[in-house]
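Summary of the model geometry
Next come the chains, spelled out residue by residue.
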Amino acid sequence: MKILPMHRLWIVLVLLVAAILLRVFLGTQLSQYNTQIESVPLEGAPYAKYVKVAPGASMFFTWGITASPRSKVIARESLEDDDRYGDTYTQAHRVMTTLTSDLDEVGLTLRDVVNVRAYVVGDEESPPDFDGWNRAFMEFFGTQDNPHQPARTTVGISRLFISQYKIEVEFVAVFPEGRGPFVQGSRHWLDYERSGRVAEETHPIWKSYGRSHFPMSTGKVVDSGQALFFGSAVMGDTKFKMPPGMPVNPMMYGKVPDQAKSILTKTAAALKSGDLSYRDVFFMRTIMYPEKGQAIGRNFGLFGREYSKYFNNGSNSNKPTRTVMSAPGYADLGPLMSLEMYGVVPEPDALFEDGEHIASIGRPDAISSPAVAVSSDASTVWMSGVIAPGEDLSLAEETSASLDKLSERLNDAGASLSDVVHLRLYLEASNTKRDTDAVKKALESYFKAQEVTHRPALTVLPIVDLPGGAKIEVEAMAGIK
């Protein structure tokens, strides 16, 4: 037998050790990928076409994050300084850094994010800086260190709680199996137990984060194996019932406190119809519509007074995670705000019929359901916002084209429009009533033509601007078996 010279033997040994180390390294890298999610790339985009989540996975819903001052010196400067918090890119980078820390607090990384929503502030004189947001986004996702890409939706809004804020971002993330604060004995389980927040929880199936004096949570972790519900955007009713065909006077809706009370009362009734209550709500999206001559911050405060009658009190200690913003909405028609809610279904057996994976809470109208639940044995599919702009298309035609595109992506994921749990339509409206009526009519016609058997929860929101000059953007979340 031929014996290798000593120097060649050393070379073979070094190569063998290198191969073993490379195998270990690649195994470690691959183990960092979350097997609970499947991200399907969208050609030419820095985000996914959609992300599919395994049935019953444990999920983390963050609040809407805005920028912090760049330094204490800047923080002490006048509120009139428009550059106090930096431009959109600077703020977006800070927001993403903060969200990364929030993920780490509960045992997650950017690789576990399934859905990103960004609200970028702009107006006619200074349009939303979508490019600045994209620059920041691409420094956190689709990189060499983090090749993962989540689903994403980006829209332009009027403003945020502080006028110098230029962007707000919220995440939905999913835990890999065996990780997170519900894994007893783990570091994140121990950290939560030490936080002192256990007593305030209204459910053993979620864990809340944030400072104890906050009126809302900064994030909610929902345990695995839960059925979830997603609510339509709710607006207040007029103070008096109007005769059929009589035009509505905007003054009939009342001011923010009246509308907040109406919305919270209506939502409580819708939840009750499904044997649910505000103790079951873990996420809330509050959208204020600008009222002429009225400070946005004051309106948020007025809503907060009504909110405190239903949440974070002696009757209901629950503090939902919350996103707040301002968009054009329907202020010219009278409504000054709308509200969306997500929650858990504590007793799903009473809600889902045999073999069904989605169920309506409340009676559907011609287009939508007040809220829709998805069973714990169904996969959820989080779709990126879809736009199909065309220079010669009317708003109704662009709506249909966007729904066609959404249907194609749903089919690719093994779903259809009948599987959609929550549908959100953002439209750049110059004439609120005319444009909203056109979109709703196009949506109803499309549902009938496609024989959509289940009506989703629905949000139709007029906003400031959309990427690519689109008139409408369509976003969906579906449930499939």
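Refer to the structure printed above.
In this text the structure is predicted, and so the values were computed from the model without any measurement.

What counts and how
Residues numbered from 1 in each chain as written. Predicted model: local features only at pLDDT ≥ 70, side-chain atom pairs only at ≥ 80, totals over all residues. Heavy atoms only, no water. Pairing = 2+ DSSP bridges. Helix = DSSP H or I, 4+ residues; strand = E, 2+ residues; numbered from the N terminus. Axes fitted to C-alpha atoms, helices over the stretch in contact; angles between N-to-C directions. Contact = heavy atoms within 4.5 Å. Buried < 20%, exposed > 50% of the residue type's maximum accessible area, 1.4 Å probe, protein only.

This part is about the sheet that holds strand 10 (residues 281-288). Across a sheet, paired strands are connected by hydrogen bonds in the backbone, their directions being either parallel or antiparallel. Spatially, 6 strands are ordered 11-10-12-9-14-13 in an open sheet, and the strand pairing comes out mixed. The open sheet terminates on both sides in strands that have one partner only, identified here as strand 11 (321-326) and strand 13 (358-361). Each strand axis lies, on average, 15 degrees off the axis of its neighbour in the sheet, ignoring direction. Where strand 9 (residues 228-231) and strand 14 (residues 371-374) come together, 4 bridges link them in antiparallel fashion. Across the sheet, Phe229 pairs through a bridge with Ala373, a residue of strand 14. Its contacts with the sheet place helix 6 (residues 256-273) against strand 9, strand 10, strand 12 (337-344) and strand 13, and it is angled at close to 30 degrees to strand 12. Here helix 7 (residues 296-307) sits on the sheet and contacts strand 10, strand 11 and strand 12; the angle it forms with strand 11, its principal contact strand, is near 145 degrees.

Of all the 9 residues making up strand 4 (residues 113-121), 9 are buried; the element is thus mostly covered by neighbouring parts of the structure. Of the pairings in the sheet, the one linking strand 4 to strand 6 (residues 167-174) comprises 7 bridges and is antiparallel in character. Each bridged residue has a counterpart across the sheet, and for Val113 the counterpart in strand 6 is Ala173. By the bridge criterion, 7 bridges tie strand 4 to strand 5 (residues 151-157) in an arrangement that is parallel.

This paragraph deals with the sheet that holds strand 3 (residues 59-62). If you walk across this open sheet you meet the 6 strands as 5-4-6-3-8-7, and the pairing is mixed. At either margin of the open sheet sits one strand with a lone partner, and together these are strand 5 and strand 7 (206-209). Taking each pair of neighbouring strands and ignoring which way they run, the sheet shows an average axis angle of 10 degrees.

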